[in-house]
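# Coordinate analysis (summary)
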Amino acid sequence: MQQIKILGIGTGPFSPQTSSMPLSFFLGIKLKPKPPLVLKPFTTFFFSTNTTTTPTIPLITNTLLKQCKTLIQAKLVHQQILVQGLADMATYLIGTYIACEAPMHAIKVLERLVPSQPTVYWWNALIRHAVRLGFLEDVLGLYRKMQRFGWKPDHYTFPFVFKACGDFPSFRRGASVHAVVCANGFESNVFVCNAMVAMYGRCGMLDDARQVFDELCVRGIGDVVSWNSIVAAYVQ
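Residues numbered from 1 in each chain as written. Predicted model: local features only at pLDDT ≥ 70, side-chain atom pairs only at ≥ 80, totals over all residues. Heavy atoms only, no water.

## Comments concerning the nonpolar core
Counting residues in hydrophobic clusters, the biggest one holds 34 residues, and the most contacted among them are Ile94, Leu110 and Leu126. Secondary-structure elements contributing two or more residues to this core are helix H2 (62–66), helix H3 (71–84), helix H4 (90–99), helix H5 (103–111), helix H6 (120–133) and helix H7 (136–148). Sort the elements by how many residues they give to this core and H6 lands first, with 8 residues. Among all residues touching Ile94, those that are not within four sequence positions of it are Ala106, Val109, Leu110, Leu113 and Trp122. In this structure, Phe162, Val180, Val197 and Ala233 belong to the second largest nonpolar core, which totals 24 residues. (Core = buried A, V, L, I, M, F, W, Y, C linked by side-chain atoms within 4.5 Å. Buried < 20%, exposed > 50% of the residue type's maximum accessible area, 1.4 Å probe, protein only. Helix = DSSP H or I, 4+ residues; strand = E, 2+ residues; numbered from the N terminus. Contact = heavy atoms within 4.5 Å.)

Next up, the structure:
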């Protein structure tokens, strides 16, 4: 019987241990050469191909943050902010993450900040972003989270939250937010009250919408939006 020897196994000339020829040589496969790695201009800020000189650490500025177009770029800048101890740049980083459609990363940065009135702006930006995308549960979740971490909603926060409650529609949630409005002294803010009228109208609670509208008129702070909101409530 003819014996068949299997090449490439053991210690022969074609064994993996001693053969220097690539597998593609024996299989007759022509491999395409790999294209050279080309770094984009933004990435070269952090990765230098010049091995003869020490890489220059970029200066982190708000302009550089605005140049971030992807999540990877934002993370690179975030890393440099941590390395260089630039705590004052953290708030600008939040806007970068929002622009890169990465709200969870923005929330993680916010959770590490000390609550202050100026930084409420970024919670409002996240809530507005969720409203624009139609993520109503996220709107209410962000509203609750900002309070849990010590931030107080302002007159820009409540209109977005009321819009989400009306779009559900959820009278119970809207009435709960109404109570917070009164507890924080925003019941005389025309923008908040107009949003409240619209919310009650979408929920089909005409009596509540009319009551808020009448209070606006008594205080003398009603405007054209107030009238449009109450008319829309009755039309629905």
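Here the narrative resumes, following the displayed structure.
## Looking at H6
Taking 1.5 Å of rise per residue, the 14 residues of H6 would be expected to cover 20 Å, and the 20 Å separating its terminal C-alpha atoms lies within 8% of that figure. Summarising burial for H6: 10 of the 14 residues are buried, a large majority. For H6, the set of buried residues is Val120, Trp122, Trp123, Asn124, Ala125, Leu126, Ile127, His129, Ala130 and Val131. Lining the buried residues of H6 we find H4, H5, H7 and helix H8 (157–167). (Expected span 1.5 Å × (residues − 1).)

## Examining the packing of H4 against H6
Look at H4 against H6: their axes get within 10 Å of each other, and the N-to-C directions meet at 5°. Considering the angle they form, H4 stands roughly parallel to H6. Residues Thr91, Ile94, Gly95 and Ile98 of H4 touch H6, and the partners they reach there are Trp122, Ala125, Leu126 and His129. Of the residues belonging to the contact of H4 with H6, the class tally is 5 nonpolar, 3 polar and no charged. (Axes fitted to C-alpha atoms, helices over the stretch in contact; angles between N-to-C directions. Parallel < 35°, antiparallel > 145°, perpendicular 65-115°, else oblique. Nonpolar A, V, L, I, M, F, W, Y, C, P; charged D, E, K, R; others polar.)

## Let's talk about the packing of aromatic side chains
How two aromatic rings sit relative to each other is set out by the distance from centre to centre and by the angle between their planes. Under the criterion given, the structure shown has 6 aromatic pairs. When the ring of Tyr143 is compared with that of Phe158, the centres are 6.3 Å apart and the planes differ by 65°; the resulting orientation is edge-to-face. Here the residue Tyr143 occupies a position in helix H7, and Phe158 occupies one in helix H8, the gap between them amounting to 15 residues. The residues Tyr143 and Phe158 share a single accessibility class, namely buried. (Phe/Tyr/Trp six-rings, centres within 6.5 Å; stacked < 30°, edge-to-face > 60°.)

## Side note on the packing of helix H9 (residues 171–183) against helix H10 (residues 190–202)
Direction vectors running N to C along H9 and H10 enclose 160°, while the axes themselves pass 10 Å from each other. With respect to each other, H9 and H10 are oriented roughly antiparallel. When the axes of H9 and H10 are compared, the crossing they make is left-handed. Contacts between H9 and H10 involve Phe171, Gly174, Ala175, His178 and Val181 on the former and, on the latter, Val192, Met196, Met199 and Tyr200. Its residues assigned to classes, the contact of H9 with H10 shows 7 nonpolar, 2 polar and no charged. (Left-handed = near helix turned anticlockwise from the far one by under 90°.)

## A look at the pattern of salt bridges
When charged atoms on two side chains of opposite charge get close, those side chains can pair. Tallying each qualifying case throughout the model produces 5 salt bridges. A salt bridge links Lys145 to Glu111; the nearest nitrogen and oxygen atoms lie 3.8 Å apart. Placement of the pair is Lys145 in helix H7 and Glu111 in helix H5, with a sequence separation of 34 residues. A relative accessible area of 29% places Glu111 in the partly exposed class. Here Arg173 makes a salt bridge to Glu137, at a shortest N to O gap of 3.5 Å. Remark: Glu137 occurs in helix H7 and Arg173 occurs in helix H9; sequence separation between them is 36 residues. Overall, Arg173 belongs to the partly exposed group, its relative accessible area being 23%. Residue Glu137 is classed as partly exposed on the basis of its relative accessible area, which comes to 43%. (Salt bridge = Lys/Arg side-chain N within 4 Å of Asp/Glu carboxyl O.)

## A look at the side chain of His129
Tracing the backbone shows His129 in helix H6. A polar atom in the side chain of His129 sits 3.0 Å from the side chain of Arg132. Other than its neighbours up to four places away in sequence, His129 contacts Ile98 and Glu101. (Polar contact = N/O pair within 3.5 Å; in protein donor to acceptor, adjacent residues only side chain to side chain.)

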